[in-house]
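So you can see what is in the structure, the chains are spelled out below.
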Amino acid sequence: SAVFADHLSNTLGLKAADIVSGAPDGGEKPKDQGIARARDFDLALRGRFNSAAMFKISKVHTAESATKITSFDGKVAGKTAVVIDDMVDGGSTLINAARVLRDNGAAQVICCVTHAILSERGAPALEKLLANDAAGRPVIDRLVVTDSIPEVRQKVAALSPDLAARVDILPL
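The structure reproduced in this document is the subject of the present report. These figures come from a predicted structure and were not determined experimentally. (Residues numbered from 1 in each chain as written. Predicted model: local features only at pLDDT ≥ 70, side-chain atom pairs only at ≥ 80, totals over all residues. Heavy atoms only, no water.)

We now examine the layout of surface pockets. A probe matching the size of a water molecule, rolled over the atoms, marks out where space remains unfilled. Looking at the largest pocket, its volume works out to about 350 Å³. Around the largest pocket, the lining comprises 21 residues; the ones closest to its centre are Lys59, His61, Asp85, Met87 and Thr93. If you list the elements that add at least two residues to the lining of the largest pocket, you get α2 (33-46), β2 (56-63), β3 (66-73), β4 (80-88) and α3 (92-103). When residues of the lining of the largest pocket are assigned to their parent elements, the largest contribution, four residues, is made by β4. (1 Å grid on protein atoms, 1.4 Å probe; cavity = no way out; pocket = protein on both sides within 12 Å on 5 of 7 lines; lining within 4 Å. Points joined across faces, edges and corners; volume = space filled by probe spheres on them. Helix = DSSP H or I, 4+ residues; strand = E, 2+ residues; numbered from the N terminus.)

See below:
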């Protein structure tokens, strides 16, 4: 969490006051590990925990690699919404969370993920994550991942330059 907080504030120049954060699921479970990771991120970003700067999302699986958001709570209008997750495989959870955040007025959505598996089943996950909505606007503005899975560098290198520019790979 501190690695992501440092990158967003020091490298990307985002201000803590403009950021709301949360996990892409587990919002109905206060002791959920995803919620705990989002709290850790908020603490690292601000130096103190601010529950008002967090959003909560709950989801259900509708198929093996498909999810549906069941509830959302948070004030994200005009803010940078930062989604903190431990891993991304197919991408549906992050994409659905980003859509809900956009629908609730988030100015931009940044997804920070520790383990970027990014499977190639069907449409490649990385391309799905970086796709635009019907209006031509990115659903996820920036994807920040670690190099815990070395293949992520090759997958990003295979992208078009404009998409690759929206992915940051942080060394662990």
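It is worth spelling out unusual backbone geometry at this point. Of note, the phi angle at Leu118 is positive, near 50°, even though the residue is not glycine. Its location among the elements puts Leu118 in the loop between β5 (108-116) and α4 (125-129).

Turning our eyes to something else, we now look at the pairing of β4. Of all nine residues in β4, seven are buried, a share of seventy percent or more. Bridge count between β4 and β5: eight bridges; the pairing is parallel. Bridge pairing in β5 places Ala81 opposite Val109. One crossover worth recording links β4 to the parallel β5 by way of α3, and it is right-handed. (Buried < 20%, exposed > 50% of the residue type's maximum accessible area, 1.4 Å probe, protein only. Pairing = 2+ DSSP bridges. Right-handed = clockwise from strand over helix to strand, strands pointing away.)

Purely spatial values, then, with no claim about function.
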